[in-house]
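The residues making up each chain are set out below.
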Amino acid sequence: GTTLLNCTLYGNQLTGSSLLGAGVYGPAVLVNTIVWGNTLPQLSSVGSVTWSDVQGGFAGLGNIDEDPLFCDALSLDFRLAGDSPCIDAGDPNTFDPDGSVADMGALPYEPGNCDGPVAFYCTSKVSSAGCVTTLSASSSAGPVSAQSDFLLFADFVQGTKNGIFFF
């Protein structure tokens, strides 16, 4: 069977048979995994589930049924907030890159998660004029409610050249 280690399974929808699991269906072993926000049932016909957070609960060593407290799941930001019950709650024989006990889910907790915007973008290449464009952002705390709450900066842009930013 398949082993899912440190995975986050969220927002899967299933139509048709209610016997199938929207999060996982079929022989699989889950360890340090979060299964949350899928249509019910979350899991069915799985082999074993340990040290995982499963919405609705699931029998197995170290499993919990608590809101994982993602930074913003609706915006696909599955980083763990600082008060997440999934931090250091994984299999005590597995470890995060920082040497602590593994967190549940795909993204290990890092201090400062949820403090500001998340930017995913490519690294610019050096232009013919020797410029390397960099992107940065600034945001006030709390939800964005006005145009001035979120600022995007592009520095070292070569003059008279067009660029595109997708948001």
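Residues numbered from 1 in each chain as written. Predicted model: local features only at pLDDT ≥ 70, side-chain atom pairs only at ≥ 80, totals over all residues. Heavy atoms only, no water.

Peer 1: Is there a simple way to explain the sheet that holds strand β7 (residues 48-50) in this structure?
Peer 2: Strands in a sheet are paired, the pairing made by backbone hydrogen bonds, and the direction either parallel or antiparallel. Strands sit in the order β1-β4-β7 across an open sheet of 3 strands; the sheet is parallel. Two strands close off the open sheet at either side, each with one partner strand: β1 (2-5) and β7. On average, each strand axis in the sheet is tilted by 10° relative to the strand beside it, whichever way the strands run. Sheet analysis places β1 next to strand β4 (residues 28-31), joined by 4 bridges and oriented parallel. Bridging from a neighbouring strand, L4 pairs with L30 of β4. (Pairing = 2+ DSSP bridges. Helix = DSSP H or I, 4+ residues; strand = E, 2+ residues; numbered from the N terminus. Axes fitted to C-alpha atoms, helices over the stretch in contact; angles between N-to-C directions.)

Peer 1: Looking at this structure, I do not really get the pattern of salt bridges. What am I missing?
Peer 2: Per the stated rule, a full pass over the model turns up 1 salt bridge. Put simply, D77 and R79 hold a salt bridge, and the shortest N to O gap is 2.8 Å. Each member of the pair, D77 as well as R79, carries the same accessibility label: buried. (Salt bridge = Lys/Arg side-chain N within 4 Å of Asp/Glu carboxyl O. Buried < 20%, exposed > 50% of the residue type's maximum accessible area, 1.4 Å probe, protein only.)

Peer 1: Teacher, can you tell me more about the sheet that holds strand β5 (residues 34-36) here?
Peer 2: Strand order in the open sheet formed by 3 strands is β2-β5-β8, and the pairing between neighbours is parallel. Two strands lie at the open edges of the sheet, namely β2 (8-10) and β8 (53-54), each paired on one side alone. Pairing of β5 with β8, which is carried by 2 bridges, proceeds in the parallel orientation. Within the sheet, the bridge partner assigned to V35 lies in β8 and is V54.

Peer 1: Quick question: what am I supposed to make of the side chain of D96 here?
Peer 2: Positionally, D96 belongs in the loop between β10 (77-80) and β11 (134-139). No salt bridge is formed by the buried D96. Its closest oppositely charged neighbour is R79, at 14 Å. The contact partners of D96, leaving out residues within four places of it in the chain, are V101, A102, D103 and P108. (Lys, Arg positive; Asp, Glu negative; His and termini not counted. Contact = heavy atoms within 4.5 Å.)

Peer 1: Sorry if this is basic, but what is going on with unusual backbone geometry here?
Peer 2: Note: most residues except glycine have negative phi, and most peptide bonds are trans. In this structure, N32 takes a positive phi of about 55° despite not being glycine. With respect to the helices and strands, N32 occurs in the loop between β4 and β5. Take N32: its relative accessible area is 0%, and that puts it in the buried class. Unusually for a residue other than glycine, D88 sits at a positive phi of about 55°.

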